[in-house]
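Chain by chain, the residues run as shown.
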Amino acid sequence: MQKELLSHPVFAMAAEQFDQVADFLQLAENVRERCKWPKRLISVAVPITLDDGTTRVFYGHRVQHHLTRGPVKGGLRYHPSVDLGEVAALAMWMNWKCALMDLPYGGGKGGIACDPRSMSRGELERLTRRFTMEIMPFISPEIDVMAPDMGTNEQTMAWITDTYSSRTGYLVPSIVTGKPLGMQGSAGRTQATGHGVAFLSSNALHKLGINLSSTTAIVQGFGNVGYHTARTLSAYGVKILGISDVSGAVWNPRGIDVAALRDYATAHGGIKDFPGADAIDPEEMLCQPCDVLAPCAMERTITAANAGRLQCRILAEGANGPTTPEADRILEQWGDVFVIPDILCNAGGVTVSYFEWVQNFQRFQWTEHEVIGKLETMMQRAFEKVTSFAERHQVSQRTAAQAIAIKTVADAKSLRGLFP
Ligand code: NAD
């Protein structure tokens, strides 16, 4: 299994990052092995009836990286390219993210290989409910708590809650996070990840002595994370020059009207041909001059092919794993780009997910003001922890973030010891 995982490019990338940091930390071999490999890999066949009456079997996966510090926490992704290796890599990154933010969780991730854009609401509901049934023995509020990710949303979480609660016989809101507000979701959860990306970008701009009101940004991806990143940056007074999604990229040197783009994308299924901006090649867009470049779509978009051509001051990683290790080396050598690494930059989502889980146990709802205030306090603390570690040890921000996180997990494993 380990060999199979390592043959997957995304898992190999997560493992390579881990090895580098474990070397830096001089982790003892036994703890190192226990931190690196996932605890449970679950793959299930998910047969459903399609709207045309035929049956189709989809494949779904859930990886629970470790349960040492609490239940695993992580998103559920619907995308055609989902496979076990990708899910395992994302679960590993979730580990480090939860540990860095000091949340009482291990990392998990799940996904189903499907194209949600081509499926009806009924098909998506049947797929979600059947997947939940298939993994029912492995999830609970104390074992594994899912949340939305690419291709899933709060409706998906509502279906999971209902399916799980139908089995227990009573409502269990804490089985997932990212639920609709009417089903005990948390205020502030929808915008939390993008808000965090924008908030840390403003912290980084401040650290570099750049005045927020004269800055520009480019955002790749216009889903949950990309939209809220662009919206919040825009509200801070940052000019959004370019935005892309899977349909194409748009560019306006005077600044894109993010709300109008959102309305257009909702009406047309994508941002292509938005009348308030020009078209631009999506790859070229990433290499245009700007203060903040925020990749908020897929992993492995900043590669050796484009890293040397980036003209941003800050790379704010809204997506998980958007920068390959080769690209990282180029950026480090070059030294001009301030990287806010993914496990820090996009941790707003899991942090407010944690708040939602706590509120569900409390049977109490916090206000949006409380949620965002607590989120900013925790993100600021983590940002300062990472930047001061990086400065003290003269390492990259990514190494600093992962080192703090991996050491937290390694220490917990050492304290708990190894059950014979
Ligand atoms: P989403 O499905 O809401 O949006 C994804 C966006 O990316 C869409 O606009 C899609 O069109 C675009 N996209 C896909 N392929 C693209 C390409 N090749 N070029 C440009 N755009 C492309 O997903 P999301 O929830 O916004 O997640 C985006 C990323 O952020 C993922 O890496 C996810 O793991 C990560 N993330 C999400 C959250 C969260 O709370 N949603 C939290 C942490 C990290």
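The structure presented is a predicted model; accordingly, all values stated were derived computationally and were not measured. (Residues numbered from 1 in each chain as written. Predicted model: local features only at pLDDT ≥ 70, side-chain atom pairs only at ≥ 80, totals over all residues. Heavy atoms only, no water.)

A. Region of interest: the sheet that holds strand 3 (residues 72–79). In space, the 5 strands of this open sheet follow the order 1-2-4-3-5, with mixed pairing throughout. The sheet is open, and its two borders are formed by strand 1 (40–49) and strand 5 (144–148), each paired with just one other strand. When strand polarity is set aside, the average angle formed by the axes of neighbouring strands in this sheet is 25 degrees. Across the sheet, helix 5 (residues 121–135) is in contact with strand 1, strand 2 (55–64), strand 3, strand 4 (106–113) and strand 5; its angle to strand 1 comes to roughly 140 degrees. Contacting strand 3 and strand 5, helix 6 (residues 154–168) crosses the sheet at an angle of about 150 degrees to strand 5. (Pairing = 2+ DSSP bridges. Helix = DSSP H or I, 4+ residues; strand = E, 2+ residues; numbered from the N terminus. Axes fitted to C-alpha atoms, helices over the stretch in contact; angles between N-to-C directions. Contact = heavy atoms within 4.5 Å.)

B. Spatial organisation of the side chain of Asn320. Within the secondary structure, Asn320 sits in the loop between strand 11 (312–316) and helix 11 (325–334). At 3.0 Å, the side chain of Asn320 forms a polar contact with the side chain of Lys97. At 3.0 Å, the side chain of Asn320 and the side chain of Asn346 are in polar contact. Residues within four places of Asn320 in sequence aside, it is in contact with Leu90, Trp93, Lys97, Lys109, Asp149, Met298, Glu299, Asp342 and Asn346. (Polar contact = N/O pair within 3.5 Å; in protein donor to acceptor, adjacent residues only side chain to side chain.)

C. Up close: the pattern of salt bridges. Following the criterion strictly, the structure yields 22 salt bridges and no others. For Arg398, the salt bridge goes to Asp342, with nearest N and O atoms at 3.7 Å. A residue pair is termed long-range when its members are at least 10 positions apart, and Arg398 in helix 15 (residues 397–416) and Asp342 in helix 12 (residues 342–345) qualify at 56 residues. The class of Arg398 is buried, set by a relative accessible area of 7%. (Salt bridge = Lys/Arg side-chain N within 4 Å of Asp/Glu carboxyl O. Buried < 20%, exposed > 50% of the residue type's maximum accessible area, 1.4 Å probe, protein only.)

D. Spotlight on the pairing of strand 4. For strand 4, a buried count of 7 out of 8 residues is recorded, marking the element as mostly surrounded by other parts of the structure. Across 5 bridges, strand 2 lies against strand 4 in antiparallel orientation. When the bridges of strand 4 are listed, His61 appears paired with Gly111. Sheet analysis places strand 3 next to strand 4, joined by 6 bridges and oriented parallel. Within strand 4, the position partnered with Arg77 by the bridge is Gly111. Following the backbone out of strand 3, through helix 4 (residues 84–100) and into the adjacent parallel strand 4, one traces a crossover that is right-handed. (Right-handed = clockwise from strand over helix to strand, strands pointing away.)

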